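Summary of structural features
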Amino acid sequence: MDRATVVYSDESLINAPVTLTNCDREPIHIPGLVQPHGFLLCFDEQTQRVAHASANTQSFLGKEAQELIGASLEEVLGPPTAAAVAQRWASLTENNKLLITPLAAAPGHPLYQLIMHRSDGLLWLECEPVPHEGTHALDLPSLNAALGQLLSATSLQDFCQFTVDQIREISGYDRVLMYRFAADASGEVVAEAKRDDLEPFFGLHYPATDIPQQARAMYLKSWLRFIPDVDYVPVPLVPAVHPAKQRPPDMTYSVLRSVSPIHLQYLRNMGVAGTLTVSLILDGQLWGLITCHHLTPRLLSYELRELCVFIGKTFSALLKTKLQQEDYAYQLHIRETQVRLFEQVARHSNFMDGLYQRKPTVLDVFDCGGVAICFEGNIVTLGTTPSKPQIQELTNWLRTNVADNLFYTDSYVRHNPAGIAIRGVASGILAISLAQEPGDYLIWFRPELIQTVTWAGREQKVESVENGVLHLSPRKSFEAWKQTVDSTSAPWRPMELEAAEEIRLHLSDVRLKIYNELQARAASLSRLNSELERSNDELDSFAYVASHDLKEPLRGIHNYSIFLLEDYADKLDADGTQKLQTLVRLSQRMEALIESLLQLSRVGRQELVVTEAPLREVLDEVLEILQPRFEQLNVHVTVHDTLPTFRFDQVRMREVFNNLLTNALKYNDKPVRLVTVGMAPPTVRGPRGTGDPASYYVFYVQDNGIGIDPRHHEAVFKIFKRLHAQDKYGGGTGAGLSIARKMVERHDGELWLESQPGAGTTFFFSLSKYL
């Protein structure tokens with residue numbers, strides 16, 4: 001509510017009984033009544049004669065109010081006092097001015113506080129006797145210290161607490177409270193100074209109905225409301241209604257104005273006998289109130305009341321700065337945490353790890369209960385959050401119902417009734433989308449604001465029955481009760497929403513940068529791969545042409561060497577014959593090497609002929625061909641397991657089995673040579689990770705031969721690489737395992753071994769199930 005707000009009252013209720021059903025429309029600005037600790041005179045601006053007088057003038061001036069109507073200022077107050085008052089009338093406004101003077105017209109010429117202002121076409125003169133302790137001299141050093149404390153407060157809470165402490169010290173009231181109004185007009189006690197023996201009210205909440213709209217409007221116009229004794233008997237004005245306006249005068253700025261009987265009863269129910277209230281105003285709106293309570297009647301001097309108002313106005317003047325400082329401190333925390341968080345994100349190879357693996361985490365950015373990082377099917381939680389299945393349900397709801405990249409609410413239940421299950425920890429939700437992929441979100445959670453907020457009294461008005469008639473009455477007790485606040489969290493502040501959007505944009509930039517880098521790397525790898533393929537094709541072509549073309553002259557050398565041995569052996573000595581035999585042997589060795597090179601080039605050049613076939617049949621064909629050699633060398637072959645039927649190149653697999661089985665029987669010096677073929681256990685994996693049973697078959701060929709030292713496990717697959725002399729273990733070119741590995745790799749698999757010297761060798765090879 002701001003100063004321009006109309007007064008929410010109903011003037012038709014003038015002189016009507018005030019009940020709890022109509023008190024929110026009570027015309028409290030025109031009660032036609034005053035409090036009896038002083039008397040009131042209203043002078044017409046034009047005639048400067050008494051237009052209204054309070055009915056208690058007899059006890060102060062010795063004259064009935066009716067006698068004073070139409071009297072001049074001198075006739076009422078006496079010449080000396082009238083002259084002092086008249087000097088100030090021309091400058092009067094709605095703001096009060098004080099004159100302390102003996103009242104010559106009163107018996108005994110007592111000292112009075114004359115409080116003057118101008119409003120509603122009247123000049124108001126409110127007169128209060130000076131208290132017995134006299135006027136209070138302004139304690140400037142204490143006031144200076146109080147203002148210094150308010151200025152130096154570093155937090156809003158300290159600022160509020162210092163203020164109520166100073167008001168209590170100045171006023172001497174038993175209890176001083178500060179209310180702060182929420183957006184829904186309810187109030188909360190945010191600071192309290194009190195006697196040690198009194199029950200604390202700090203932290204209690206009050207419903208908006210405690211302070212009706214018309215009362216709030218008056219608090220905006222008048223900074224102070226003072227009730228020295230809640231059990232006072234109101235004194236009427238004479239006459240009650242202004243003849244020209246057909247209503248009582250507007251008493252908004254009157255210090256003696258009588259207050260609502262409903263409010264007085266409310267105070268009595270609290271055990272309060274005297275009270276003073278100061279408005280706290282921010283940017284033309286009612287921010288809160290300072291309320292002073294005393295358990296016995298307390299007539300505070302006008303000077304001390306004005307000093308309390310001065311403190312209230314000082315608080316109001318500084319409040320915006322304190323709020324801005326508090327906002328700035330929180331905003332600075334958010335900024336600093338963001339910067340450190342972004343640095344961590346940049347340092348991690350997986351940028352999402354930077355959000356939670358080290359302090360500060362993404363949880364530390366905002367005041368919240370917990371956070372969930374939902375990315376690429378994984379959910380990482382920090383703090384107090386819903387369960388992962390509940391978070392998954394939330395992301396499904398966000399994906400279906402929220403089109404924007406940012407979503408926030410302080411009551412998720414209002415959007416999705418299923419949110420009732422998580423309201424305790426996640427009534428408030430702030431979510432940002434991390435990518436276009438469904439389900440990628442960063443979600444902050446806020447718990448239910450206060451699951452059982454304590455309110456001062458019930459919001460519902462208590463009914464009572466007297467003499468068989470139903471009456472509404474104010475609350476009979478001020479004991480706290482708890483009202484459940486369902487499914488609502490503290491609201492998300494604009495600075496938090498801005499920061500969340502910045503985090504979203506930063507993470508999007510990081511992802512885009514990573515994507516661009518990956519694209520560049522992929523393009524580079526693609527170029528390198530193309531060049532490598534071209535080089536391999538050229539090497540394969542060269543090897544094919546070279547091996548094919550070299551065969552013919554080499555075969556000629558071999559044949560002519562044979563002819564020389566056959567035709568001229570008798571003409572050569574033993575040394576010449578041996579040299580020709582060596583030439584024949586070397587030409588044969590060279591031809592075998594060229595043939596191996598030709599086979600290797602063919603493996604790379606020729607496409608696979610993939611058909612579905614039983615692998616056991618291919619193995620049996622190889623075993624049948626090798627059977628004579630097995631018998632000759634006492635080799636026993638055992639096939640374990642049932643080999644599968646799947647898609648592969650049968651010719652290539654014959655060559656792989658032939659090579660592995662031939663090596664098993666060659667490199668063996670045992671009397672009985674044992675060879676086992678079968679399927680490897682499902683846990684076996686190749687050096688590159690192939691072997692997952694969902695995608696690969698893995699087979700093995702095991703022997704009890706001479707074994708291979710681990711340092712040579714890779715060397716055996718290099719072309720023309722032999723670990724033994726040419727004349728040992730049956731010779732060979734050293735190309736067989738290279739050819740076998742390439743054939744397996746053409747099946748998207750890999751060939752590797754496990755072996756130790758003297759302990760035999762096991763060759764494993766994986767084959768894809770999806771050729």
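Residues numbered from 1 in each chain as written. Predicted model: local features only at pLDDT ≥ 70, side-chain atom pairs only at ≥ 80, totals over all residues. Heavy atoms only, no water.

**Details of the pattern of salt bridges**
All told, the structure shown has 21 salt bridges when counted by the stated rule. Note that Arg 195 is salt-bridged to Asp 174, the shortest N-O span being 3.5 Å. Placement of Arg 195 in the loop between strand S8 (187-194) and strand S9 (205-206) and of Asp 174 in the loop between helix H6 (156-171) and strand S7 (175-181) is noted, with a sequence separation of 21 residues between them. Judged by its relative accessible area of 29%, Arg 195 falls in the partly exposed class. Of the charged contacts in the structure, one is a salt bridge between Arg 711 and Asp 709, with a shortest N-O distance of 3.6 Å. Given a relative accessible area of 65%, Arg 711 falls into the exposed group. With relative accessibility at 27%, the residue Asp 709 sits in the partly exposed group. Here the salt bridges do not stand alone but share partners, grouping Asp 174, Arg 195 and Asp 197 into one network. (Salt bridge = Lys/Arg side-chain N within 4 Å of Asp/Glu carboxyl O. Helix = DSSP H or I, 4+ residues; strand = E, 2+ residues; numbered from the N terminus. Buried < 20%, exposed > 50% of the residue type's maximum accessible area, 1.4 Å probe, protein only.)

**Focus: the side chain of Gln 338**
Relative to the helices and strands, Gln 338 resides in helix H9 (residues 302-347). Note on Gln 338: relative accessible area 2%, which makes it buried. What Gln 338 contacts, discounting residues up to four positions off in sequence, is Val 365, Ala 499, Glu 502 and Ile 503. (Contact = heavy atoms within 4.5 Å.)

**Remarks on the packing of H6 against H9**
It is the contact of H6 with H9, at a shortest axis distance of 10 Å, that shows an interaxial angle of 175°. Looking at the two axes, H6 sits roughly antiparallel to H9. Contact residues: H6 offers Leu 156, Phe 159, Cys 160, Thr 163, Ile 167, Ile 170 and Ser 171, while H9 offers Leu 304, Leu 307, Cys 308, Ile 311, Phe 315, Leu 318, Leu 319, Lys 322, Leu 323 and Glu 326. In terms of residue class, the contact of H6 with H9 is built from 13 nonpolar, two polar and two charged. (Axes fitted to C-alpha atoms, helices over the stretch in contact; angles between N-to-C directions. Parallel < 35°, antiparallel > 145°, perpendicular 65-115°, else oblique. Nonpolar A, V, L, I, M, F, W, Y, C, P; charged D, E, K, R; others polar.)

**Points about the confidence of the model for the chain**
Taken residue by residue, the chain gives an average pLDDT of 81. The fraction at 70 or more is 79%. For residues 1-16, every residue scores under 50 in pLDDT, and the model assigns this stretch 43 contacts once sequence neighbours within four places are set aside. Low pLDDT, under 50, characterises residues 468-482; the stretch is placed with 47 contacts to residues that sit more than four places away or in other chains. (pLDDT = per-residue confidence, 0-100.)

**Overview of the packing of helix H16 (residues 650-666) against helix H17 (residues 736-745)**
Contact geometry of H16 with H17 gives a least axis separation of 9 Å together with a crossing angle of 145°. Handedness of the crossing formed by H16 with H17: left-handed. Residues Arg 652, Glu 655, Val 656, Asn 659, Leu 660 and Asn 663 of H16 lie in contact with H17, whose contacting residues are Gly 736, Leu 737, Ile 739, Ala 740, Met 743 and Val 744. Along the lines of polarity and charge, the residues of the contact of H16 with H17 split into seven nonpolar, three polar and two charged. (Left-handed = near helix turned anticlockwise from the far one by under 90°.)

**Observations regarding unusual backbone geometry**
In this model, Val 238 is joined to Pro 239 through a cis peptide bond whose omega is -10°. The residue Pro 239 is located in the loop between strand S11 (235-238) and helix H8 (261-270) in this model. The amide bond that connects Lys 359 to the next residue, Pro 360, takes the cis arrangement and shows omega of -5°. As for its placement among the helices and strands, Pro 360 is situated in the loop between H9 and strand S14 (370-375). Even without being a glycine, Asp 120 presents a positive backbone phi close to 55°. With relative accessibility at 22%, the residue Asp 120 sits in the partly exposed group. Of note in this structure, Glu 376 is not a glycine but carries a positive phi near 50°. Turning to its location among the elements, Glu 376 is positioned in the loop between S14 and strand S15 (378-383). Judged by relative accessible area, which is 57%, Glu 376 ranks as exposed.

**A look at a nonpolar patch on the surface**
Residues Leu 564, Tyr 568 and Leu 572 make up a contiguous nonpolar surface patch of roughly 250 Å² in combined accessible area. Relative to the elements of secondary structure, Leu 564 occurs in helix H13 (residues 494-568). Taking relative accessible area as the criterion, Leu 564 reaches 36% and is therefore assigned partly exposed. (Patch = residues over 30% accessible without salt bridge, like charges linked within 9 Å, V, L, I, M, F, W, Y side chains within 5 Å. Areas by Shrake-Rupley, 256 points an atom, 1.4 Å probe, with all protein chains shown as cover.)

**Observations concerning the sheet that holds strand S26 (residues 673-679)**
Judged by pairing direction, the sheet is mixed, and its five strands sit side by side in the order S24-S26-S27-S29-S28 without closing on themselves. Two strands in the sheet have a free side with no partner beyond their single neighbour: strand S24 (635-639) and strand S28 (751-755). With direction set aside, neighbouring strand axes in the sheet form an average angle of 15°. The sheet contact formed by strand S27 (residues 696-703) and strand S29 (residues 761-768) spans eight bridges and is antiparallel. Residue pairing for S29: Val 698 is matched across the bridge by Ser 766. Across the sheet, helix H15 (residues 615-633) lies against S24, S26 and S27, angled at about 165° from S24, the strand it touches most. (Pairing = 2+ DSSP bridges.)

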